[in-house]
Amino acid sequence: MADKRFFDKAGPFSLKDIVARINCTVSDETRLSLIVTDVAPLDSAGPATLSFLFNRRYKATLDQTKAGAVLLTQQDAPHLPESAIGLISNDPYYDFAKVSQLFYPEPVVEAQIHPTAHIEETAQIDSSVRLEAGCSIGDHVVLGAGVVIGANSVIERGVTIGANTRIGPNVYIGYADIGEGCRIHSGARIGTRGFGFAMSPKGHLDIPQTGRVQIGSFVEIGANTAIDRGMGPDTIIGDGCKIDNLVQIGHNVVMGRGCVLAGQAGVAGSTKLGNFVACGAQSGIAGHLTIGDGAQIAAKSGVIGDVGPGEKVGGYPATSMRQWLKQHAFVATLMRKGRNKE
Amino acid sequence: MADKRFFDKAGPFSLKDIVARINCTVSDETRLSLIVTDVAPLDSAGPATLSFLFNRRYKATLDQTKAGAVLLTQQDAPHLPESAIGLISNDPYYDFAKVSQLFYPEPVVEAQIHPTAHIEETAQIDSSVRLEAGCSIGDHVVLGAGVVIGANSVIERGVTIGANTRIGPNVYIGYADIGEGCRIHSGARIGTRGFGFAMSPKGHLDIPQTGRVQIGSFVEIGANTAIDRGMGPDTIIGDGCKIDNLVQIGHNVVMGRGCVLAGQAGVAGSTKLGNFVACGAQSGIAGHLTIGDGAQIAAKSGVIGDVGPGEKVGGYPATSMRQWLKQHAFVATLMRKGRNKE
Amino acid sequence: MADKRFFDKAGPFSLKDIVARINCTVSDETRLSLIVTDVAPLDSAGPATLSFLFNRRYKATLDQTKAGAVLLTQQDAPHLPESAIGLISNDPYYDFAKVSQLFYPEPVVEAQIHPTAHIEETAQIDSSVRLEAGCSIGDHVVLGAGVVIGANSVIERGVTIGANTRIGPNVYIGYADIGEGCRIHSGARIGTRGFGFAMSPKGHLDIPQTGRVQIGSFVEIGANTAIDRGMGPDTIIGDGCKIDNLVQIGHNVVMGRGCVLAGQAGVAGSTKLGNFVACGAQSGIAGHLTIGDGAQIAAKSGVIGDVGPGEKVGGYPATSMRQWLKQHAFVATLMRKGRNKE
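Now for a description of the structure that goes with this document. (Residues numbered from 1 in each chain as written. Chains lettered and ligands numbered in written order. Predicted model: local features only at pLDDT ≥ 70, side-chain atom pairs only at ≥ 80, totals over all residues. Heavy atoms only, no water.)

## Topic: the sheet that holds strand β19 (residues 176-178) of chain C
All names here are of chain C.
Stage number 1. The strand order across the open sheet formed by nine strands is β10-β13-β16-β19-β24-β27-β30-β33-β36, and the pairing between neighbours is parallel. Of all strands in the sheet, those bounded by a partner on one side alone are β10 (124-125) and β36 (290-291).
Stage number 2. Here β19 runs beside strand β24 (residues 213-215); their pairing, made up of three bridges, is parallel. Each bridged residue has a counterpart across the sheet, and for isoleucine 178 the counterpart in β24 is isoleucine 215. (Pairing = 2+ DSSP bridges. Helix = DSSP H or I, 4+ residues; strand = E, 2+ residues; numbered from the N terminus.)

## As for the interface of chain C and chain A
Stage number 1. Contacts between the two partners involve 69 residues from chain C and, on the opposite side, 56 residues from chain A.
Stage number 2. Taken together, the two surfaces of chain C and chain A that pack against each other cover about 4900 Å², and 60% of this comes from carbon and sulfur.
Stage number 3. Area buried by chain C at its contact with chain A is led by C:Arg157, C:Phe195 and C:Tyr316, which between them contribute 15% of it.
Stage number 4. Linking chain C to chain A there are five salt bridges.
Stage number 5. Across the pair A:Asp3 and C:Arg212 runs a salt bridge whose closest N-O atoms are separated by 2.9 Å.
Stage number 6. Where chain C touches chain A, the interface holds 28 residue pairs in polar contact (both at pLDDT 80 or more).
Stage number 7. Where the side of chain C that touches chain A is concerned, the elements lending two or more residues are β19, β21 (189-192), β22 (197-198), β23 (205-206), β26 (226-228) and α3 (321-341) of chain C.
Stage number 8. Ranked by residues supplied to the side of chain C that touches chain A, first place goes to α3(C) with six residues.
Stage number 9. Taken together, the residues of the side of chain C that touches chain A break down into 25 nonpolar, 32 polar and 12 charged. (Contact = heavy atoms within 4.5 Å. Buried area = accessible area lost by both parts, 1.4 Å probe. Salt bridge = Lys/Arg side-chain N within 4 Å of Asp/Glu carboxyl O. Polar contact = N/O pair within 3.5 Å; in protein donor to acceptor, adjacent residues only side chain to side chain. Nonpolar A, V, L, I, M, F, W, Y, C, P; charged D, E, K, R; others polar.)

## Let's talk about the relation of the copies chain C and chain A
Here two copies of a chain appear, and what relates them is a rotation about an axis with a shift along it.
Stage number 1. In the superposition of chain C on chain A (RMSD 0.1 Å, axial shift 0.0 Å), the rotation amounts to 120 degrees. Such a combination of turn and shift is consistent with a three-fold rotation axis. (Least-squares fit on C-alpha atoms with pLDDT ≥ 70 in both.)

## Quick look at the packing of aromatic side chains
In this description, a pair of aromatic rings is defined by centroid distance and the angle of the planes.
Stage number 1. One pass over the structure, following the stated rule, counts 30 aromatic pairs over all chains.
Stage number 2. Each ring, one from A:Phe7 and one from C:Tyr175, has its centre 5.1 Å from the other, and the planes form 25 degrees; the classification is stacked. In this pair, A:Phe7 is assigned in the segment before β1 (13-14) and C:Tyr175 in the loop between β18 (172-173) and β19, connecting two distinct chains.
Stage number 3. An angle of 85 degrees between the planes, with centres 5.1 Å apart, marks the rings of A:Phe13 and A:Phe103 as edge-to-face. Remark: A:Phe103 occurs in helix α2 (residues 92-103) and A:Phe13 occurs in strand β1; sequence separation between them is 90 residues.
Stage number 4. Note on A:Phe13: relative accessible area 17%, which makes it buried. (Phe/Tyr/Trp six-rings, centres within 6.5 Å; stacked < 30°, edge-to-face > 60°. Buried < 20%, exposed > 50% of the residue type's maximum accessible area, 1.4 Å probe, protein only.)

## Here we look at the interface of chain B and chain C
Stage number 1. Facing the 69 residues of chain B at the interface are 55 residues of chain C.
Stage number 2. At the boundary of chain B with chain C, total buried surface from both sides reaches about 4900 Å², with 60% on carbon and sulfur atoms.
Stage number 3. The partner of C:Lys242 in a salt bridge is B:Asp206, and the shortest N-O contact between them spans 2.3 Å.
Stage number 4. Across the contact surface, chain B and chain C share 28 residue pairs in polar contact (both at pLDDT 80 or more).
Stage number 5. Sorting the residues of the side of chain B that touches chain C by element identifies β19 (176-178), β21 (189-192), β22 (197-198), β23 (205-206), β26 (226-228) and α3 (321-341) of chain B as the ones contributing at least two each.
Stage number 6. The element that contributes the greatest number of residues to the side of chain B that touches chain C is α3(B), accounting for six residues.
Stage number 7. Of the residues assigned to the side of chain B that touches chain C, the class counts are 25 nonpolar, 32 polar and 12 charged.

## Regarding the sheet that holds strand β5 (residues 49-52) of chain B
Stage number 1. If you walk across this open sheet you meet the five strands as β2-β7-β6-β5-β4 (chain B), and the pairing is mixed. Of all strands in the sheet, those bounded by a partner on one side alone are β2 (24-26) and β4 (38-39) of chain B.

## A look at helix α2 (residues 92-103) of chain C
Residue and element names in this part refer to chain C.
Stage number 1. In this model α2 runs 16 Å from its N-terminal to its C-terminal C-alpha over 12 residues, within 8% of the 16 Å that 1.5 Å per residue would give.
Stage number 2. By the criterion of burial, α2 is predominantly enclosed, with nine of the 12 residues buried.
Stage number 3. All buried positions along α2 are accounted for by Pro92, Tyr94, Asp95, Phe96, Ala97, Val99, Ser100, Leu102 and Phe103. (Expected span 1.5 Å × (residues − 1).)

Now the structure itself:
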């Protein structure tokens, strides 16, 4: 059970109510009256708890679970103990997200203008906004309904933030428009100066970075991630992108919808990502490239050429995943052969 | 055109005035009376706009441009449409930086001590300084003329900051002296404890880090970059260095003039970089090494030995770029041959 | 000598008093009355200064030193000049840490509640706590004796922090319990939302992250490092871990005692590290893995499988260090041979 100091739990809910919200078939329709009080992993779940199996590494724990109900695939259902009702789903992870949100909805925002917040007079702030201690709101900033600005965050001149977007503590946002329903976590830096200058032995000369950052709706931006503003064109992050912690996004980068960038990934300036591109942790993409829709970049790889739609690449310089894995196997085989000859 | 909410534009300027400030020859001296109102990329420029071509990837857009004047090299000049005046330069990127700074100069600093700033009495603050909301200035700090300290930044005891240096919001600076004309972006951490301790199964034992950070003039430090103070000697960043976002600089690192470190690069403790060393994104240099003047470290490479002046290295462990590229080609060739034999 | 603007020095101490605190034999017992005023590297030490040699790269400077006493190994002792007393230690680095702490103890904390600090009424704050300017302390937060919260840091609802833990400026902590004697540096983000969601073309769906961060005692966390809270289980950092700057720790990661993670390393979600695991700079460990006690991960390597206790791995995909180095040598040899045939 989640620690009450930090999380407020909703419910309980009947299994019937839960099942109505997701896309599953129930192993025993006669037990839908079960009252479910919480969600929990298989090994800590009890009879009034709903559990789940989506990562098959943890399959071994299934037949020992004391959970009252378990979300899982058809394939895993036969291993379920009798005590547990099976909720058979094509995507148990997705359905678990829905159930978990039911028990642990995001806290409702209580409107507040903290007395230590600094607000310029020309800012337009909806009456339902929450401004936490020590935050700073610049001239002509526009904050929509239900926006939260965390403690000691700084929103500079002219920025607009759409309804229900929540900004964590110690965040900086400048030169940007942010859509609705975004989550921007502590320490993110949005709209900082792009790394643009003309190198010269007389002293590198800055190029004014006169573009913006345009962020769509329902975007998540991780802790201490940095997104530079454009140099003239804008840096653009499409709707529904998920960006993890400590990620670097250079100036003029354009990202389509639903891209996922894992921790410490980096995208250099002016590169374009299509929709639903996935970049693994610590991967890097060089500048001025085009990455097609649905392309997948393996963790730690370094991409120095365009990647087509749906391609999966890895290694550095990145090649197709198949080629990259083959190359490793090939060298290993050569080494074994070489050793046998000695 | 840059968004007026965020950027103030200067001008217009006559082409004659512009040309006087840069190093170019003009394709048609009779048209120097053109009044230029802005700068813009080739594809969005209009007849009163100055554009540029320095990245030859974008050469295809040249003959369609509606720009009134275009900065470009002699080599590209023949492809310019008649409507555009050619400004032929040996370094169009450098000259564009100058023109762009003319239209978009950095905003003039308005002196201000925000009422919510916290300032220790012993701090020496020039009357032209700007202290934004919620910043904190420690004992005996010295701030030169025209210094800006962004909102909620923290400058600790004894730090000195030279004239016209601008510190963004949410920055930390301690144990440091900073030169003139620097730009330190949001979330940078300067002078934090170096990672120095004696490992032991009884518990790792901290080594006091009693050095400083000494930063020259006209240095740029990116968002969320961390520069540790020295362990006894100092960590030193030379004049004119350009450091991008999320870079890690360990204790006792010494950097000469004009070094350029791209995003997420890292330099481990006690390594010395000469002048004008360039480190690609996500590259790493191990500790206690010497990197010569003008050396170039490819993106994502891992340097574990000294690098001579002017050398170009890549890969991990990094070897000469030539060797590294050859090695990749060699394995690929072997694989092709192996496959043909099967 | 350390800069007095930033560091307060204790002492002087007699060599006799110093030797009593460490584990060494003295080359000349008759000279223990030497009064030592400071510690310094070999090349800048004077007759009243204690120096050290532990990194043998710097051995050449030993016979020229003017230090009054030098901590070093038996092996290096013969190269010591007559003017210097040898303090012969099995672990001169560890003993130097002790001596250096004697001269440069961490500053004593002066209790203070800064008038600009924001404190919720339900917080329990020991009378010896130091709250710096602009920090924000949430509901039901518990701060033990001698705790320091740096300027503009944000400690959210319900967090507990053990005695003598010091938090730097601009830090965020939420959903966490922190042990005693920790050092958490500027810009660290602890307890931010884990990167957990169900991917879907209809829009990625967030999984509530209802776990905590549990940090042991005497843990160090570097500048701008991010540690996500667990998804349901907790993220756990064991006693005495040392985590450098810009490190990323995913949700549900469990770390034993005394682990060391160098700058820009990353550990993905649900991975378990044993005790005293060492991870080099820019290394990455994939999710859901188990890394045994005392394992060592080379800098920049990418670990995608379990690592046994005491194993040393490198490369990407990481293999044993021996295998990894062999493979590099093998390809180089093949290339040489290939060239000779041409």
